[in-house]
Amino acid sequence: MARPVPKLSIVIPVYNEESVLPTLFARLYAALDALAVSYECVFVNDGSRDRSAALLREQFARRPRETRVVLFHANFGQHSAVMAGLAHARGEYVVTLDADLQNPPEEIGRILAKLEEGYDYVGTIRMQRQDRLWRRAFSRAINRLREWITPVRITDQGCMMRGYSRSIVEALNQTREVNTFIPALASLYAMRPVEIPIAHEERFAGASKYSMYSLIRLNFDLITGFSLVPLQFFSMVGMAISLLSAVLVVYLALQRLFFGPQVQGVFTLFGILFFLVGIALFGIGLLGEYVGRIYAQVRERPRYIIQAVLEADAGDERA
Ligand code: UDP
Ligand code: MG
């Protein structure tokens, strides 16, 4: 007996979420049972150091047919975990979700309905986003920048609760990019995208896994990962400055010839110099950002290392 491919796969990255998992299991499976479609939940444990892996094992023992658990060897980051989940998801449709219940599982049905209407990418816009003020201001600024310099057109980039059709998942699975931002990537692959407003709640328990630093890193993935505009903009600035300084050199030379040497204005000169050095340093950093990307890519290290996969006897799936 071949086990049929489920209609819906839910992919959830889990990193130190022991305080939310029991509630997540209760709400998620209840919401999915209510949808009356065949489904599977693919949890990816991203090297948690708490009891998350043990809780996932327990859930697998309780619902083996609807549960698969991918256990990472170490912490590889949220987007790598989602990538692994997508690679292990078999469903016709895939919905990604955060473990912390900021994305209410009860909303999955609405995403599924859109996918069944034939949309291949269902984006989401958070209504009344429940996050810290500085997080909201920060994402608003990045949203604007992203809209301006990348080809990615999504209204709300932050929410991971999204729906993907099989064709998009296959395209994502073929992508070998090391550091990426999945919703943005998927939106580029989509042929019939749609966005729907979605409820957003406060993190149920535990703390955000993102520090200011990792948030900045993640947003670099969004900007320099999808656009060359920063580099191109920089060469424009460089060109403008060298033109201006050429004019300045000619002016100073003429002054020297006709009015003799002068030493005033040294501090103005220092001011200009510091400014230019600042721009040059910024440019080197920006170059480094792109070179780092190339370096990470050419090393071709695996994006993640899997310790084990818990799944119901795979033999009967392919029979
Ligand atoms: N996460 C992960 N690996 C990480 C960081 C986070 O798998 O290194 C997971 C985390 O368990 C959660 C999701 O990614 O399911 C989003 O994390 P979080 O809620 O901390 O982010 P925020 O909502 O603050 O953006
Ligand atoms: Mg969260």
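Everything discussed here concerns the structure shown above.
One structure accompanies this document, and this report is about it. As the structure is a prediction and not an experimental result, all values here were calculated from the model.

1. Describing the coordination of the magnesium ion (ligand 2)
Perfect tetrahedral coordination of a metal by four donors corresponds to 109.5 degrees between them, and perfect octahedral coordination by six donors corresponds to 90 or 180 degrees. Each protein donor to the magnesium ion (ligand 2) is listed here as Asp100 (OD) and Gln102 (OE1); together their distances run 1.8 to 2.0 Å. Looking at Gln102, the relative accessible area reads 11%, which means it is buried.

2. Description of the packing of helix α3 (residues 78-88) against helix α6 (residues 166-174)
Taken N-terminus to C-terminus, the directions of α3 and α6 make an angle of 125°; their axes are 9 Å apart at the nearest point. By the angle between their axes, α3 is oblique relative to α6. Note that α3 runs across α6; the crossing there is left-handed. Each of Met83, Leu86 and Ala87 in α3 lies in contact with α6, whose residues at this interface are Val169, Leu172 and Asn173. Taken together, the residues of the contact of α3 with α6 break down into five nonpolar, one polar and no charged.

3. Remarks on the site of ligand 1
Surrounding ligand 1, one finds 17 residues, the nearest of these being Glu17, Asp46, Asp100, Ser208 and Lys209. The contact in question runs from an oxygen atom of ligand 1 to an N or O atom on the side chain of Arg203, over 2.9 Å. Note that an oxygen atom of ligand 1 is positioned 2.5 Å from one of the side-chain N or O atoms of Ser208. Compared with its free state, where it exposes 530 Å², ligand 1 has 93% of that area covered by protein. When grouped by side-chain class, the residues that make up the shell around ligand 1 number five nonpolar, five polar and seven charged.

4. Considering the nonpolar core
Counting 35 residues, the largest nonpolar core has Leu8, Ile10, Ile12, Leu28, Phe43 and Ile108 as the members making the most contacts within it. Among the elements of the structure, β1 (8-14), α1 (21-35), β2 (39-45), α2 (52-62), β3 (67-72), β4 (93-96), α4 (108-116) and β7 (193-199) are those that each provide at least two residues to this core. Looking at which element gives the most residues to this core, the answer is α1, with six residues. Beyond its immediate chain neighbours, meaning those up to four positions away, Phe43 contacts Ile12, Val14, Leu24, Phe25, Leu28, Tyr29, Leu56, Thr67, Arg68, Val69 and Val70. Ranked by size, the runner-up nonpolar core spans 33 residues in total, among them Phe72, Ala84, Met160 and Leu218.

Rules used in this analysis
Residues numbered from 1 in each chain as written. Chains lettered and ligands numbered in written order. Predicted model: local features only at pLDDT ≥ 70, side-chain atom pairs only at ≥ 80, totals over all residues. Heavy atoms only, no water. Donors = N, O, S within 2.8 Å, 3.2 Å for Na, K, Ca; no water. Buried < 20%, exposed > 50% of the residue type's maximum accessible area, 1.4 Å probe, protein only. Axes fitted to C-alpha atoms, helices over the stretch in contact; angles between N-to-C directions. Helix = DSSP H or I, 4+ residues; strand = E, 2+ residues; numbered from the N terminus. Parallel < 35°, antiparallel > 145°, perpendicular 65-115°, else oblique. Left-handed = near helix turned anticlockwise from the far one by under 90°. Contact = heavy atoms within 4.5 Å. Nonpolar A, V, L, I, M, F, W, Y, C, P; charged D, E, K, R; others polar. Near = heavy atom within 4 Å. Polar contact = N/O pair within 3.5 Å; in protein donor to acceptor, adjacent residues only side chain to side chain. Areas by Shrake-Rupley, 256 points an atom, 1.4 Å probe, with all protein chains shown as cover. Core = buried A, V, L, I, M, F, W, Y, C linked by side-chain atoms within 4.5 Å.

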